[in-house]
Amino acid sequence: MTEPDCLFCKIVAGEVPANIVREGERTLAFRDINPQAPTHVLIIPKEHHPDAAAAGRAGQGLLDEIAREAQAVAEADGVAESGYRLVFNTGPGAGQTVFHLHGHVLGGRGLEWPPG
């Protein structure tokens, strides 16, 4: 399932270039074009789901798979041991601007709490 006007669906299809760091059977991980930390990688499912809530309702284990991929990205970037953040923005009020599920893997600098 894809959406023709979705930027991330176009990245999955190879129509829009991205700096891909990992590719699984159901996921794709690529560097954010506007990084907020030394490690800032987006992990998306190849199938279109508008947000984390929709993926959770689908019951396909995508959120689990994205969490596993986040750990692999953090290990490859050398931030797993020091710590990293995995963020899902769901809805415009939370800052979601591309309505295709994506997890942000952030690390390599101090990440204060609360965020934002």
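Refer to the structure printed above.
Residues numbered from 1 in each chain as written. Predicted model: local features only at pLDDT ≥ 70, side-chain atom pairs only at ≥ 80, totals over all residues. Heavy atoms only, no water.

Let's talk about the overall build of the chain
And then number 1: When helices and strands are counted, the chain shows 3 helices and 5 strands.
And then number 2: Its helices and strands in sequence order give the chain the pattern α-β-β-β-α-α-β-β, from N to C terminus.
And then number 3: Taken over the C-alpha trace, the chain has a radius of gyration of 13 Å; the compact-globule value for 116 residues is 13 Å, and the two agree within 12%.
And then number 4: Expressed as lengths along the three principal axes of its C-alpha atoms, the size of the chain is roughly 35 × 30 × 25 Å.
And then number 5: By the burial criterion, 38% of the 116 residues in the chain qualify as buried.
And then number 6: Look at the contacts in the chain between residues 6 or more apart in sequence, and 52% of them connect residues 24 or more apart.
And then number 7: On the chain, the mean spot of the 9 positive side-chain charges and the mean spot of the 15 negative ones are 2 Å from each other. (Helix = DSSP H or I, 4+ residues; strand = E, 2+ residues; numbered from the N terminus. Rg over C-alpha atoms; globule rule 2.2 N^0.38 Å. Buried < 20%, exposed > 50% of the residue type's maximum accessible area, 1.4 Å probe, protein only. Contact = heavy atoms within 4.5 Å. Lys, Arg positive; Asp, Glu negative; His and termini not counted. Charge placed at Lys NZ, Arg CZ, Asp CG, Glu CD.)

Remarks on the packing of aromatic side chains
And then number 1: Under the defined criterion, the tally for this structure stands at 1 aromatic pair.
And then number 2: Measuring from centroid to centroid gives 5.5 Å for Phe8 and Phe30, while their planes differ by 75°, and the two rings are edge-to-face. Of this pair, Phe8 sits in helix H1 (residues 7-12) while Phe30 sits in strand S2 (residues 27-31); the two residues are 22 residues apart in sequence, bridging distant segments of the chain.
And then number 3: Look at Phe8 and you get buried, because its relative accessible area is 5%.
And then number 4: The class for Phe30 is buried, based on a relative accessible area of 4%. (Phe/Tyr/Trp six-rings, centres within 6.5 Å; stacked < 30°, edge-to-face > 60°.)

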